[in-house]
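Structural overview
Read off the chains here:
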There are 2 protein chains.
Amino acid sequence: MTGPRYTDLIAALPSTVPFVGPEAQERDRGAPFKARIGANENVFGPSPKAIAAMQQDSAEIWKYGDSTSYDLRHALAAHLGIGPQNVVVGEGIDGLLGYLVRLLVAPGDAVVTSDGAYPTFNFHVAGFGGVLHKVPYSGDSEDLPALIAKAAEVDAKLVYFANPDNPMASWTTGAAIEAALDTLPDGTLLALDEAYIEFAPADAIPRIAIEDPRVIRLRTFSKGYGMAGARVGYAFGAAPLIQSFDKIRNHFGMNRAAQAGALAALQDQDWLAHVVTQVAESKDRIARIAAANGLSALPSATNFVAVDCGRDGDFARKVLAALVARGIFVRMPFVAPQDRCIRISAGRAEEMEALAEALPLALADVAATA
Amino acid sequence: MTGPRYTDLIAALPSTVPFVGPEAQERDRGAPFKARIGANENVFGPSPKAIAAMQQDSAEIWKYGDSTSYDLRHALAAHLGIGPQNVVVGEGIDGLLGYLVRLLVAPGDAVVTSDGAYPTFNFHVAGFGGVLHKVPYSGDSEDLPALIAKAAEVDAKLVYFANPDNPMASWTTGAAIEAALDTLPDGTLLALDEAYIEFAPADAIPRIAIEDPRVIRLRTFSKGYGMAGARVGYAFGAAPLIQSFDKIRNHFGMNRAAQAGALAALQDQDWLAHVVTQVAESKDRIARIAAANGLSALPSATNFVAVDCGRDGDFARKVLAALVARGIFVRMPFVAPQDRCIRISAGRAEEMEALAEALPLALADVAATA
C-alpha cells in the first residue's frame with residue numbers, strides 16, 4: 001500500500017506554518033500570558049451590539065449561514081458607496097488572499113511582495129506554486145514604486161502591498177498610491193491590504209474608481225472592529241474580479257453568528273471611533289514605556305507599535321524572548337534591518353501595566369546574559 | 001488596462017455555485033419559508049451547553065482562535081480512540097474536501113464519485129482541474145464496488161463515497177466497506193464522508209486501522225450535533241495524510257466560538273442521543289405523511305428522508321416546486337432515476353404540521369396543471 005499520491009506541488013511544499021499561535025506558546029511554557037499583545041488583536045473588543053448579535057444568533061446555529069452573505073455584503077456596499085456586486089465576504093483576509101492567489105497564480109507565475117511583509121500571503125503563493133519576488137523596504141516603509149518596478153521586471157500577475165503596513169505600522173498616502181497605480185504594468189493586479197485602515201489617518205485612503213481593474217482592496221473585522229476570532233473579511237473591486245471568487249470559494253464557509261456580529265459591528269461606528277481613541281492612547285503609552293527604557297517607538301497608523309530596540313536583530317530577538325518568558329506575548333519583524341524592532345499591540349491599562357513592569361526586567365535579563 | 005490575468009484553469013471554470021441557499025429563495029419569493037427542511041439542517045439544534053459555550057466565547061471574539069484547534073482536536077481524538085496527530089479540524093466538511101482535493105488532484109487527474117452524489121465535492125474537483133468520472137447508483141445506493149472498479153479503470157487518485165448516502169439516505173454496512181477496501185487500487189485514496197453517521201445503525205461504521213493509508217474519513221458538527229452554521233468539520237486518518245493539510249490549510253480559519261461550541265457539543269453525548277431519537281420520530285412522521293398522500297418513504301440512515309413520488313423526475317420537480325411555492329423548503333436529487341424522489345429533512349412538530357398541510361395541496365396543484 002503506497003498511500004495517497006500527492007500533487008507534485010504539494011509533495012514539494014514544506015510543512016512550515018505561517019505563525020505559531022499564542023495558545024501553543026502558552027502550552028509550551030506551561031502558563032498563560034499576562035498580556036496578549038502580540039498578534040495585533042484588538043483587546044478592546046467589538047461593539048457590545050456585535051457581541052449581543054453573535055450571542056443571539058448562536059441559538060440559530062443549526063442553520064447554515066447565508067451563502068451569499070447578503071445582508072452583510074449589502075451593508076458593506078452601502079457603507080463604501082459601491083454596489084453589492086463589488087464586494088465579496090470571506091473567511092478573514094487570510095481566506096480571501098488564498099482565493100485571490102488561486103484565481104491568478106499558476107505554478108511558475110511571478111508574484112511580488114516586500115521582504116518581511118505578511119507571511120500568510122507568502123504561504124498562499126507558495127501553496128499554489130507561485131514564484132515570489134521580494135523587494136526590500138525603503139526605510140521602514142513598503143516601497144510601492146520599487147514593488148511596481150519589480151512587477152514590470154518579472155511580469156508579475158499580482159503585487160501585494162499593505163497600507164498601513166504590518167509589521168512596521170508605517171503608511172503611505174492615498175495620493176501616492178493613486179499616482180503609483182498609473183505606473184502599474186498592464187495585467188498586474190495590485191492587492192491592497194487595508195486590514196488596519198480604520199486606525200490610519202484619513203489621507204492614507206486612496207480614491208480609486210470601484211471598477212478600476214488594476215486593484216483589489218481587502219479589509220477585515222479582525223482589527224478595528226475587534227472580531228479576529230470570528231473570521232470575517234471582505235474584498236472589494238471591479239465586479240468581474242469580485243464575481244470570479246464565486247468560481248472557487250467555499251460558498252457555505254461563513255459562520256452565521258459571525259455574519260450577524262459583523263453586520264452589527266459595522267452599524268456601530270460610534271464604538272469603532274471609541275476604540276480608535278483608546279488604541280491611540282495605548283500607543284502613546286507604549287511609546288512612553290519604550291522611551292522610559294531607552295527604546296524608541298516608530299510612528300504608527302495601526303493598532304500596534306514597532307519599538308526600535310536600538311541594536312541588531314539578535315538583540316531584539318533576545319528582548320522578545322525575555323518578554324515572552326516574563327509572560328508578555330509579543331512578536332517581531334522577521335528580516336533585517338526591521339528586525340531591530342519588536343512589535344507591540346495596543347492594549348488596555350492592565351496589559352500596559354504588565355508591559356511597563358516586564359520591559360525593564362526583560363532588558364536586564366538580556367544585559368545579564370550578554 | 002486589461003485587468004487581472006486569471007489562470008487557465010480559472011478562466012475555463014463556469015460561474016455555477018453548488019447550491020442556492022434558502023435565504024436566496026426567500027428573497028426571490030418575497031416571503032420566509034414556513035418550514036426549513038431542505039438542507040438537512042438539524043432543526044433540533046445543538047446541546048444547550050454548546051449554545052452557552054458559543055455565547056460565552058462571543059465575548060472573547062477579539063482573540064484569534066487556536067490555529068491548531070488543540071482542545072477540540074484532542075477531545076475528538078479521545079472520543080475516537082486515536083491520536084491527535086490523526087485528526088484535522090476544518091471549516092466544515094466542505095472546507096476539508098476542498099483541501100483534500102487540492103492535496104491530491106492536479107489538472108487532468110482522475111477522480112471518481114457517484115452520479116448524483118454531493119455537488120460540493122464535484123465543485124472542488126472541477127475547481128482544481130480534476131477529471132470526474134461518475135458511476136451510477138445501484139438501486140438507491142452508492143455502489144462502492146463499481147466506484148472502485150472505475151477507480152482502477154481510470155487510475156483515480158481519489159474516490160468519494162458517502163455512508164450514509166446523501167441524497168438517498170441509504171447506507172452500506174461497515175463490513176462491506178472493509179471488504180471493498182481490499183480491492184482498492186494501490187495509490188487510490190477513499191474519501192469516506194460520514195457526515196450523517198450519528199444517525200446510522202451501529203453496523204454502518206467500518207473498523208479501519210487509523211494508520212491505514214487507503215482511507216480518510218470526514219465527519220461534521222453540522223448534522224447530528226446541530227451546528228451547521230458554525231462550520232466545524234473534522235477528518236481523521238493516517239498521520240502523514242492528516243499532517244499534509246498543514247501545508248495548505250487556512251491555519252487561523254476557525255471561528256473560536258465555534259471551536260468552543262463544538263467541544264461542548266461533543267461532551268454532551270446525551271443530547272446527541274436525545275436528538276437522534278427525535279429525528280427518528282420525525283422520519284416516521286414523514287413516512288406517514290408521505291403514505292397518507294400515496295407516496296412512499298425510502299429507508300433512511302440519516303436525518304432526512306427520500307420520498308418517492310412514484311413517477312418521473314419531471315413530476316417530482318413539479319411537486320417540489322409546488323411545495324416551495326407553499327412555503328416548504330425542500331430539495332431533491334439531481335439525476336434519474338433518483339430524481340423521482342424529493343428529499344425532506346426531519347423537523348419538529350411544527351415543521352411536520354406544515355408539511356402535512358402543504359403536501360396534499362401541492363399534489364393537487366400539480367394535478368391541476370397536468
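Because the structure is a prediction, the values reported are computed rather than measured.

**A word on the overall build of chain A**
- Looking only at helices and strands, chain A has 13 helices and 12 strands in total.
- A globule of 370 residues ought to have a C-alpha radius of gyration of about 21 Å, and chain A, at 21 Å, matches this closely.
- Counting only C-alpha atoms, chain A reaches 60 × 60 × 50 Å along its principal axes.
- Sorting the 370 residues of chain A into buried and exposed places 65% on the buried side.

**Let's talk about the nonpolar core**
- In this structure, Leu158 of chain A together with Leu158, Leu323 and Ile342 of chain B are the most contacted members of the largest nonpolar core, which totals 136 residues.
- Discounting residues that sit within four places of it in the chain, Leu158 of chain B has contacts with Leu100, Val101, Leu104, Val105, Ala110, Val111, Val112, Phe121, Thr188, Leu189 and Ala191 of chain B.
- By size, the runner-up hydrophobic cluster in this structure holds 54 residues, among which are Tyr225 of chain A together with Ile82, Val89 and Leu263 of chain B.

**Notes on the domain arrangement of chain A**
All names here are of chain A.
- Here the domain parsing of chain A yields domain 1 (19-45 + 270-369) and domain 2 (48-267).
- Summarising the inter-unit geometry, the C-alpha centres of domain 1 and domain 2 are found 26 Å apart.
- Taken together, the contacts link 26 residues of domain 1 with 26 residues of domain 2.
- Taken together, the two surfaces of domain 1 and domain 2 that pack against each other cover about 2100 Å², and 67% of this comes from carbon and sulfur.
- Counting the surface domain 1 buries against domain 2, the share from its top three residues, Leu272, Ala301 and Gln338, is 25%.
- Where domain 1 packs against domain 2, one counts one salt bridge.
- Between Arg340 and Asp140 there is a salt bridge; the shortest N-O distance is 2.7 Å.
- Between the two partners, domain 1 and domain 2, sit 10 residue pairs in polar contact (both at pLDDT 80 or more).
- Among the secondary structure elements, those contributing two or more residues to the side of domain 1 that touches domain 2 are helix H11 (269-292), strand S10 (304-308) and strand S12 (341-345).

**Considerations on the relation of the copies chain B and chain A**
- Here chain B sits on chain A after a turn of 180° about the axis and a move of 0.0 Å along it, with an RMSD of 0.0 Å. The transformation relating the two chain copies, once decomposed into turn and shift, fits a two-fold axis. Taking the C-alpha atom as reference, chain B places Gln55 of chain B closest to the rotation axis, 2.3 Å from it.
- By residue overlap, the copies meet face to face through one surface: 100% of the interface positions of chain B are interface positions in chain A.

**Here's the deal with the interface of chain B and chain A**
- Each partner contributes to the interface: chain B provides 84 residues, whereas chain A provides 84 residues.
- The junction of chain B with chain A conceals about 7200 Å² of combined surface from both sides, 59% of it contributed by carbon and sulfur atoms.
- Counting across the chain B and chain A interface gives four salt bridges.
- In this structure, the salt-bridge partner of Asp66 of chain B is Arg27 of chain A, at a minimum N-O distance of 2.9 Å.
- Applying the counting criterion to the chain B and chain A interface returns 37 residue pairs in polar contact (both at pLDDT 80 or more).
- Going through the elements one at a time, helix H1 (8-12), helix H2 (22-29), helix H3 (48-58), helix H5 (92-104), helix H6 (119-127), helix H9 (239-244) and helix H10 (256-266) of chain B are the ones with two or more residues in the side of chain B that touches chain A.
- Counting residues per element, the side of chain B that touches chain A draws most heavily on H5 of chain B, at five residues.
- Of the residues belonging to the side of chain B that touches chain A, the class tally is 38 nonpolar, 25 polar and 21 charged.

**A closer look at the UniProt feature "domain: Aminotransferase class I/classII large" (unreviewed entry) in chain A**
- The positions UniProt marks with the feature "domain: Aminotransferase class I/classII large" (unreviewed entry) are residues 38-359 of chain A.
- Spanning residues 38-359 of chain A, this segment combines 40% helix with 15% strand, and its end C-alpha atoms are found 14 Å apart.

**Let's talk about the sheet that holds strand S9 (residues 296-297) of chain B**
Residues and elements named next belong to chain B.
- Read across the open sheet, the three strands follow the order S9-S10-S12; overall the sheet is antiparallel. Two strands lie at the open edges of the sheet, namely S9 and strand S12 (341-345), each paired on one side alone.
- Running over the sheet, helix H11 (residues 269-292) touches S9, strand S10 (304-308) and S12 and is turned about 15° from S10.

**Regarding helix H8 (residues 174-181) of chain B**
Residues and elements named next belong to chain B.
- For H8, every residue scored as buried is listed here: Gly174, Ile177, Ala180 and Leu181. For H8, the angular spread of the buried residues around the axis is 125°, confining them to a single face.
- Buried-residue contacts for H8 involve helix H7 (144-154), strand S5 (158-162), strand S6 (189-193) and strand S7 (215-220).

**What to know about the pairing of strand S7 (residues 215-220) of chain A**
Residues and elements named next belong to chain A.
- Extensive coverage of S7 is indicated by the burial of six of its six residues.
- One ladder, built from four bridges, connects strand S6 (residues 189-193) with S7; its direction is parallel. In the strand pairing of S7, Leu192 is matched with Arg217.
- Two elements, S7 and strand S8 (residues 233-237), share five bridges in a ladder whose sense is antiparallel. Each residue of the ladder has a partner; that of Ile216, found in S8, is Gly237.

**Focus: the sheet that holds strand S3 (residues 110-114) of chain B**
All names here are of chain B.
- With respect to topology, seven strands assemble into an open sheet ordered S2-S8-S7-S6-S5-S3-S4, the strand pairing being mixed. Edge positions in the sheet fall to strand S2 (87-90) and strand S4 (131-135), since each has one partner strand and no second. For this sheet the average axis-to-axis angle between neighbouring strands, irrespective of direction, equals 20°.
- By the bridge criterion, four bridges tie S2 to strand S8 (residues 233-237) in an arrangement that is antiparallel. Opposite Val87, over in S8, you have Phe236 as the bridge partner.
- Contacts from H7 reach S3, S4, S5 and S6 within the one sheet, and its direction differs from that of S3 by about 165°.

**As for the packing of aromatic side chains**
- This model, assessed by the stated rule, comprises 16 aromatic pairs over all chains.
- Relative to Phe252 of chain A, the ring of Tyr64 of chain A lies with its centre 5.9 Å away and its plane at 70°, an arrangement referred to as edge-to-face. Pair noted here: Tyr64 of chain A is in the loop between helix H3 (48-58) and helix H4 (70-80) and Phe252 of chain A is in the loop between helix H9 (239-244) and helix H10 (256-266), with a separation of 188 residues, a long-range link.
- Taking relative accessible area as the criterion, Tyr64 of chain A reaches 14% and is therefore assigned buried.
- A relative accessible area of 10% places Phe252 of chain A in the buried class.
- Consider the rings of Phe19 of chain B and Tyr118 of chain B, whose centres lie 6.2 Å apart with planes at 40°: the pair is tilted. You can see Phe19 of chain B sitting in the loop between H1 and H2 and its partner Tyr118 of chain B sitting in the loop between S3 and H6, a full 99 residues away along the chain. Like Phe19 of chain B, the residue Tyr118 of chain B is buried in the burial classification.
- Through pairs of rings, three or more aromatic residues link up here, namely Phe221, Tyr225, Tyr234 and Phe236 of chain A.

About the thresholds
- Residues numbered from 1 in each chain as written.
- Chains lettered and ligands numbered in written order.
- Predicted model: local features only at pLDDT ≥ 70, side-chain atom pairs only at ≥ 80, totals over all residues.
- Heavy atoms only, no water.
- Helix = DSSP H or I, 4+ residues; strand = E, 2+ residues; numbered from the N terminus.
- Rg over C-alpha atoms; globule rule 2.2 N^0.38 Å.
- Buried < 20%, exposed > 50% of the residue type's maximum accessible area, 1.4 Å probe, protein only.
- Core = buried A, V, L, I, M, F, W, Y, C linked by side-chain atoms within 4.5 Å.
- Contact = heavy atoms within 4.5 Å.
- Domains from an automatic or database assignment.
- Buried area = accessible area lost by both parts, 1.4 Å probe.
- Salt bridge = Lys/Arg side-chain N within 4 Å of Asp/Glu carboxyl O.
- Polar contact = N/O pair within 3.5 Å; in protein donor to acceptor, adjacent residues only side chain to side chain.
- Least-squares fit on C-alpha atoms with pLDDT ≥ 70 in both.
- Nonpolar A, V, L, I, M, F, W, Y, C, P; charged D, E, K, R; others polar.
- UniProt positions renumbered as here; feature names shortened; annotations may be inferred.
- Pairing = 2+ DSSP bridges.
- Axes fitted to C-alpha atoms, helices over the stretch in contact; angles between N-to-C directions.
- Arc of directions from axis to C-beta.
- Phe/Tyr/Trp six-rings, centres within 6.5 Å; stacked < 30°, edge-to-face > 60°.

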